[in-house]
There are 2 protein chains.
Amino acid sequence: MERVRVAIVGYGNLGRGVEKAVRQNQDMELVAIFSRRPAGTVKVMDKNAAVLNVADAGKYIDKIDVAILCGGSATDLPVQGPQFARLFNTVDSFDTHARIPEYYEKMDRIAREAGHLSAISIGWDPGLFSMNRLLFEAVLPAGSTYTFWGKGVSQGHSDAIRRVEGVRDAVQYTIPVPEAMERVRQGENPQLSTREKHVRQCFVVAEDGADKERIAREIKEMPAYFADYDTEVIFISEEELKREHSAMPHGGFVIRSGKTGEGHKQLLEFSLKLENNPEFTASVLLAYARAVHRLNKEGQTGARTVFDIPLSYLSPESPDVLRKKLL
Amino acid sequence: MERVRVAIVGYGNLGRGVEKAVRQNQDMELVAIFSRRPAGTVKVMDKNAAVLNVADAGKYIDKIDVAILCGGSATDLPVQGPQFARLFNTVDSFDTHARIPEYYEKMDRIAREAGHLSAISIGWDPGLFSMNRLLFEAVLPAGSTYTFWGKGVSQGHSDAIRRVEGVRDAVQYTIPVPEAMERVRQGENPQLSTREKHVRQCFVVAEDGADKERIAREIKEMPAYFADYDTEVIFISEEELKREHSAMPHGGFVIRSGKTGEGHKQLLEFSLKLENNPEFTASVLLAYARAVHRLNKEGQTGARTVFDIPLSYLSPESPDVLRKKLL
């Protein structure tokens, strides 16, 4: 079996997830891990993978089929996306929704010029959730689509709490409101405010002697992050935070409720329940790395999203086996 | 807006569903309905659609972009599929799983020779469920996939009951076993027998004076259809059957439970809850008619399944609007 030679760019939770996912896919091979840290300081699991500085990526041009970019969307990917698309086919999880069109244009131009293919915004939202939003609207044009996130840890919201004065550490859970989901599933097509859809639960470790009332108030009143939600703040010890809240669960639901004919209710639902969010996202990135490699071999270049890539390219099985086994 | 000119072939529940679905899609236009019945005897809703005998399809070669084949898989589609693929792009819901490879080969060859594109086995199973089975396996390679059907009316099983001596009419519901679904959702990866996954509930109208005990026994012992299931037989009046059991609900679940990393459980689930099964299937067929028309305009010919067609082709929106709104 010809194996897809993969590189990981950025070795945080997501990068380590990709390394683990490669082991679950016999047609994939991890060739190199690029990190900004000095090579000697990066401890990787796979002994056969080269550990290199991102600056040395150019030396691996003929040794890598797809580079999987595991950096963050705020500052890493806007730089590394274009940089790596010049050298390799790429897959990334760019998830700053508002900036996707701009990022797409740039990646499309650069990848096309370089003869590479770049799958952007891969993962579950954007990603699998986006696919279902599109599919659901297309097959049920009269209706409403709802996305609920959670129960799960939001890294961005946890970080925001950590910036409050007197906070030592924090973990924030986004939780969908069951009553809202039930109304959607009943086909009520409700207009739901931000507050009605999700609640936010914050486990906070305060510095010794800090004013907990002020901390709780500052969190609850924080614009954009918490002010529009019913927010619960729970103070716990550092030990309890580490013991009970260091997993990275997440998940969510895409639900479309619509009607056909003379008013027959039709309900479509897609959901994820993840014990480990970065490992699952990594697993999705890897399936798209397979697709990107194949499509590029067929001559395709430029940027693609989950909307553009036929599902058959994600599977290691041949089209006739897929038709026989899974259709 | 250029509209996709659609024909319906076969005017039963599914054909009427397509006619209703066209009204929900402003970029679609119903041009003709082909039926085997004499044209004067077919009452259609859309006054602008021509009503014709299937034998006259050849006269419409330049007036139709896609023919949507709404006949059954047992006897209609094996004949009408090839026949119409010579004349038009087609979409059908061929659902005899065991014969899909053979049907695909034939449709692929004929459509290719004629310069047309044929989407086969479109609907929800095969169709949306198949897509999710493939997607789930690709993004979570270590795990097990389960498909549950119902609660819903199985036409095939209802027909089988009607063939039992002394039965005037019957409706059969396929019902997934909640305990089995719960075990799957808990990540137990159970081995489930046919009996453990679904129960069958039969509402039967007996002829006057018929031996109900014998009827119930014959149903429960019927090989392939009922013998492998826990089957409940409930005798009711003809009036009650018409009043309570003439809707056509259906639905089901595709669930994949798998693991990543050092054993983190990940759960993916897709489900449908349909008040009207043929109307929903019709709505899916129409979205794929849009895709088939577009792909054929781009030069693609031959047979395709849900595995081959990128999602963006299903939507009337442009790719940049889709990236902005739904990604």
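This text follows the structure it describes.
Every value quoted in this text rests on a predicted model; they were computed, and no experiment measured them.

**Q** How do you make sense of the pattern of salt bridges when you look at a structure like this?
**A** Opposite charge on two side chains makes pairing possible when the charged atoms of those side chains draw close. A complete count under the given rule lists 42 salt bridges over all chains for this structure. In this structure, Glu218(B) and Arg214(B) form a salt bridge, with 3.0 Å as the shortest nitrogen-oxygen distance. Of this pair, Glu218(B) and Arg214(B) both sit in helix 8 (residues 212–220), 4 residues apart, which is roughly one turn of the helix. Its relative accessible area of 36% is what places Glu218(B) among the partly exposed residues. Through salt bridges with shared partners, one network takes in Lys20(A), Glu279(A) and Glu262(B).

**Q** I keep staring at the packing of helix 2 (residues 76–85) of chain B against helix 3 (residues 100–114) of chain B and nothing clicks. Help me out?
**A** All names here are of chain B. One way to put it is that helix 2 packs onto helix 3 with a least axis distance of 8 Å and a crossing angle of 20°. With respect to their mutual orientation, helix 2 and helix 3 come out roughly parallel. Classified by chirality, the crossing of helix 3 by helix 2 is right-handed. Contacts from Leu 77, Pro 78, Gly 81, Pro 82 and Ala 85 of helix 2 reach helix 3 at Tyr 103, Lys 106, Met 107, Ile 110, Ala 111 and Ala 114. Considering only residue class, the contact of helix 2 with helix 3 consists of 9 nonpolar, 1 polar and 1 charged.

**Q** Would you take a moment to explain the packing of aromatic side chains for this structure?
**A** To describe a pair of aromatic rings, one takes the distance between the centres and the angle between the planes. Residues and elements named next belong to chain A. Counted under the stated rule, the structure contains 16 aromatic pairs over all chains. Seen from their ring centres, Phe 84 and Phe 88 are 6.1 Å apart, and the 25° between their planes marks the pair as stacked. Across the pair, exposure class does not vary: Phe 84 and Phe 88 are buried alike. Judged by centre distance (5.8 Å) and plane angle (85°), the ring pair of Tyr 173 and Phe 203 falls under edge-to-face. Residue Tyr 173 is located in strand 9 (residues 167–176), and its partner Phe 203 is located in strand 10 (residues 198–206); the two are separated by 30 residues in the primary sequence. Judged by its relative accessible area of 7%, Tyr 173 is buried. Phe 203 gets classed as buried once you look at its relative accessible area, which sits at 11%.

Criteria and thresholds
- Residues numbered from 1 in each chain as written.
- Chains lettered and ligands numbered in written order.
- Predicted model: local features only at pLDDT ≥ 70, side-chain atom pairs only at ≥ 80, totals over all residues.
- Heavy atoms only, no water.
- Salt bridge = Lys/Arg side-chain N within 4 Å of Asp/Glu carboxyl O.
- Helix = DSSP H or I, 4+ residues; strand = E, 2+ residues; numbered from the N terminus.
- Buried < 20%, exposed > 50% of the residue type's maximum accessible area, 1.4 Å probe, protein only.
- Axes fitted to C-alpha atoms, helices over the stretch in contact; angles between N-to-C directions.
- Parallel < 35°, antiparallel > 145°, perpendicular 65-115°, else oblique.
- Left-handed = near helix turned anticlockwise from the far one by under 90°.
- Contact = heavy atoms within 4.5 Å.
- Nonpolar A, V, L, I, M, F, W, Y, C, P; charged D, E, K, R; others polar.
- Phe/Tyr/Trp six-rings, centres within 6.5 Å; stacked < 30°, edge-to-face > 60°.

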